[in-house]
Amino acid sequence: MSGPSPQELEARRLVRLGKERVESIAATDFPGHHPGESNHWDLEAFKAKLSLSINTLSPTAIEFDLVGVDASVANALRRIVVAEVPTVAIETVYVWNNTSIVQDEVLAQRLGLIPLVIDPRKIQMKHSKDDPPTDLNTVVFNLVARCERRKDVSKGEVDPYKIWNGSDVLSSQIEFDPKGSQSVLFATDLPRAAVPNILMAKMRGGQEIVAELHCNKGIGKDHAKWSPFQACFPAGVIDISSGEAVVADARRDTVSREVLRHAEFEDKVELGRIRDHFIFSLESAGQYTPQELLPEALHVLLGKIRVCHVPGGSAALPFGYQFAAGAIAGVTELLCLYPLDDWSPADVVKTRMQLQVGKPVAGAEHYTGMVDCFKKIIAQEGVGRLYRGLVPPLMLEAPKRAVKFAANDFWGKTYKGALGTDKMTQGLSVLTGCTAGATESIVVVPFELVKIRLQDKNSTYKGPMDVVAQIIKKEGLLGMYAGLEPTFWRHVWWNGGYFGCIFQVKALMPKAETKSAELFNNFVSGAVGGFVGTALNTPFDVVKSRVQNSVKVAGTVPKYNWTYPSLALIAREEGLAALYSGFLPKVLRLAPGGGVLLLVVEFTLGFFRQQLGPPYI
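Residues numbered from 1 in each chain as written. Predicted model: local features only at pLDDT ≥ 70, side-chain atom pairs only at ≥ 80, totals over all residues. Heavy atoms only, no water.

Helix and strand content of the protein chain: 17 helices and 19 strands. Nonlocal contacts in the protein chain, meaning residues at least 24 apart in sequence, comprise 75% of its contacts between residues at least 6 apart. Within the structure as shown, the protein chain displays about 32500 Å² of accessible surface, and the carbon and sulfur contribution to it stands at 61%. (Helix = DSSP H or I, 4+ residues; strand = E, 2+ residues; numbered from the N terminus. Contact = heavy atoms within 4.5 Å. Areas by Shrake-Rupley, 256 points an atom, 1.4 Å probe, with all protein chains shown as cover.)

Set out below in structure tokens:
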């Protein structure tokens, strides 16, 4: 069967307008409607049909044709431009003095409708009306207007503009008052009124208005003052200058059917419109250039598409942003806690204390504590020994933290989806943390193995690559995963305690009213979580260190092999205190480190959300 002709395809695109009804409204290009035609949606075909052409562009207005999309898409873009592209408007007016005849409420309403020139992408949207104003979410203007009699007024003068100075209060009189870093942020384009001569009030001698205007970011569906768009309604379709009625500009027609109701035009006029051809005429209110309005609307529409499956609230950030936030937090923690980090002298001390077998006794062969260990390593092996095993953890720090937080976010969403809930609970936060720890353990095992082998007192390895080469030669490629099981339990217990405590501590702390209070809450929650996680996982860390330091010998079973039997063995032979060898240097790093991690992750994710905009905020 041959396909439809080009003429038939073109006819299908027309919506026909009759005197009493509109015909061919619904699209028919879907599977099963036309016999013998597939009409399945195809991305390449859609790209071929889609076109956008700009017809006119001025500093304040744009007209363009969008062809090849369904009416629902065009209407969605129209509604988003009008109601959901964020702008900045005057929201709160503090009237310090007003002796004009205009009431305070009326004056505030008029001021709120002044179109402003402020790039809305440079400030944040308040999460609620109760959020305090800061230099991140509020732009401040001052209005000081006074009316005084001119000194050179002629007797009998009746023109108020010659009698009074400042009789008209205009939009140009509002003055930007920069707060915090705003003088730098807006240095190249100071906030101001988009139209300078809007009349706000009239005054006479001795009257004045003194007010402080707070501007916030919002969207048009909350109030029309936040709409970035003004409509244009051009006229003129038919030209009769030549004595005949001809279509001069069909683009200007609004598809009104009034002409079909007159008998003299019957069978002379045919009306219709192309179903997938839309003409947009947009006039910017000043905060965006006209050509920026459609991309901003598309940005909002894409956000809606991404969040359409999310049952309420802001959408979760994509995995890549979670991963990047964890990596940034890892590097920040590393820089802040350098003296106590995984690749610092303190970690060498921790590992040595965990590797010594038997109860500590006085003498060179045993360490009686953290300080004693430091002294003996320096005295017997030199200062350089404190930096053995530096490279592996240094390479690992950023990806390890990135995996930790990205996996926690991934498993949290997975479990909530499986359980059919959108709320995190205490039990779910512990389960999510444990699973994230299991995921993280797979990444860290080879690096931890190399570090432990280098930090051992009896180590003869030349460097990290020598460790890798010898392990693979003697134990095979899987030898790089020696200690996977105790590492698995170490990370499961630490992450479960860490993320579980964060959930509980945040719930117990007072609600943060400011950004600094929120950062403080995050640090405290993370620090408590870091302490609890360390207290839970240190015994498993001791076992891991001993398992990874054991070289496999054919035909023999290592003394430390599986985690829980090894825990019992160490406790029986050396006492329970041996399971907490190296706890002090470990907790001194991981408690504040946990606070730094959470603080930086939450701050970075908040920054990403503000940059991406809806639906992530």
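Still more to cover.
On to the pattern of salt bridges. A side chain with one charge can pair with a side chain of the opposite charge if their charged atoms come near. Across all of its chains, the model carries 14 salt bridges by this definition. Here Arg146 makes a salt bridge to Glu208, at a shortest N to O gap of 2.6 Å. Here Arg146, found in strand β7 (residues 139–146), pairs with Glu208, found in strand β14 (residues 208–218); they are 62 residues apart in sequence, far enough to count as distant. Assessed through its relative accessible area of 46%, Arg146 is described here as partly exposed. Judged by relative accessible area, Glu208 falls into the buried class, the value being 17%. In this structure, the salt-bridge partner of Lys179 is Asp177, at a minimum N-O distance of 3.0 Å. (Salt bridge = Lys/Arg side-chain N within 4 Å of Asp/Glu carboxyl O. Buried < 20%, exposed > 50% of the residue type's maximum accessible area, 1.4 Å probe, protein only.)

Once that is clear, we can look at helix α13 (residues 464–475). Its twelve residues give α13 an end-to-end C-alpha distance of 16 Å, which sits within 8% of 16 Å, the value for a rise of 1.5 Å per residue. By the burial criterion, the buried members of α13 are Val467, Ile471 and Glu475. What you see down the axis of α13 is that its buried residues fit within an arc of 25°, all on one side. Facing away from the buried side of α13, by more than 90 degrees, are the exposed residues Met465 and Lys473. Where α13 terminates, the next one or two residues include Gly476, which has phi positive at roughly 85°. (Expected span 1.5 Å × (residues − 1). Arc of directions from axis to C-beta.)

This next bit is on the side chain of Glu574. Topologically, Glu574 is positioned in helix α16 (residues 563–574). At a separation of 2.7 Å, a polar atom in the side chain of Glu574 contacts the side chain of Arg546. (Polar contact = N/O pair within 3.5 Å; in protein donor to acceptor, adjacent residues only side chain to side chain.)

Moving on to the packing of helix α15 (residues 515–548) against helix α17 (residues 583–612). Running from N to C, α15 and α17 point in directions that differ by 140°, and their axes come no closer than 7 Å. The orientation of α15 with respect to α17, classified from their angle, is oblique. Of the two elements, α15 crosses α17, and the hand of that crossing is right-handed. The class makeup of the residues in the contact of α15 with α17 is 14 nonpolar, nine polar and three charged. (Axes fitted to C-alpha atoms, helices over the stretch in contact; angles between N-to-C directions. Parallel < 35°, antiparallel > 145°, perpendicular 65-115°, else oblique. Left-handed = near helix turned anticlockwise from the far one by under 90°. Nonpolar A, V, L, I, M, F, W, Y, C, P; charged D, E, K, R; others polar.)

Take the packing of aromatic side chains next. Counting across every chain of the model gives 17 aromatic pairs. Taking the centre distance of 5.0 Å and the plane angle of 5° together, the rings of Phe64 and Phe280 count as stacked. Taken together, the residues Phe64 in strand β4 (residues 61–67) and Phe280 in strand β19 (residues 277–284) connect sequence positions 216 residues apart. Residue Phe64 shares its accessibility class with Phe280, and that shared class is buried. (Phe/Tyr/Trp six-rings, centres within 6.5 Å; stacked < 30°, edge-to-face > 60°.)

A few words on the sheet that holds strand β11 (residues 174–176). Taken in spatial order, the four strands line up as β5-β14-β7-β11 in an open sheet, and their pairing is antiparallel. At either end of the open sheet lies a strand with only one pairing partner, and these are β5 (87–98) and β11. Between one strand and the next, the sheet's axes are offset by a mean angle of 25°, whatever the strand orientation. Across the face of the sheet, helix α4 (residues 104–112) comes into contact with β5, β7 and β14 while running at roughly 150° to β5. (Pairing = 2+ DSSP bridges.)

Mapped onto the fold, Thr138 is located in the loop between β6 (116–117) and β7. Within the local environment of Thr138, its side chain forms a polar contact with the side chain of Asn216, the two groups lying 3.1 Å apart. In this structure, Thr138 is in contact with Lys126, Pro133, Gln182, His214, Cys215 and Asn216, ignoring residues within four places of it in sequence.

What follows is about the environment of Pro120. Assignment of secondary structure puts Pro120 in the loop between β6 and β7. A relative accessible area of 1% places Pro120 in the buried class. Measuring from C-alpha to C-alpha, the distance between Pro120 and Pro86 comes to 6.8 Å, with 34 residues separating the pair along the chain. If sequence neighbours within four positions are ignored, Pro120 has contacts with Pro86, Thr87, Val88, Lys217, Gln287 and Tyr288.

Looking now at the nonpolar core. One finds Leu111, Leu116, Val139, Phe141, Val169 and Leu213 to be the most contacted residues of the largest nonpolar core, which totals 30 residues. Secondary-structure elements contributing two or more residues to this core are β5, α4, β7, β11, β13 (199–202) and β14. Excluding anything up to four places from it in sequence, Leu213 contacts Ile90, Thr92, Val93, Leu111, Val139, Val140, Phe141 and Ile174. (Core = buried A, V, L, I, M, F, W, Y, C linked by side-chain atoms within 4.5 Å.)

There is a patch of nonpolar side chains on the surface, built from Leu52, Ile54 and Leu57 and spanning about 280 Å² of accessible area. A residue is classified by how much of its surface remains accessible, and Leu52, at 42% relative accessible area, is partly exposed. (Patch = residues over 30% accessible without salt bridge, like charges linked within 9 Å, V, L, I, M, F, W, Y side chains within 5 Å.)

The share of residues in the protein chain with pLDDT of 70 or more is 81%, and the mean pLDDT across the chain is 79. At the level of individual helices and strands, the protein chain shows its lowest average pLDDT in strand β15 (residues 229–231), which scores 53, and its highest in β7, which scores 95. Scored below 50 in pLDDT, residues 338–343 makes 23 contacts in the model with residues more than four places away or belonging to other chains. (pLDDT = per-residue confidence, 0-100.)

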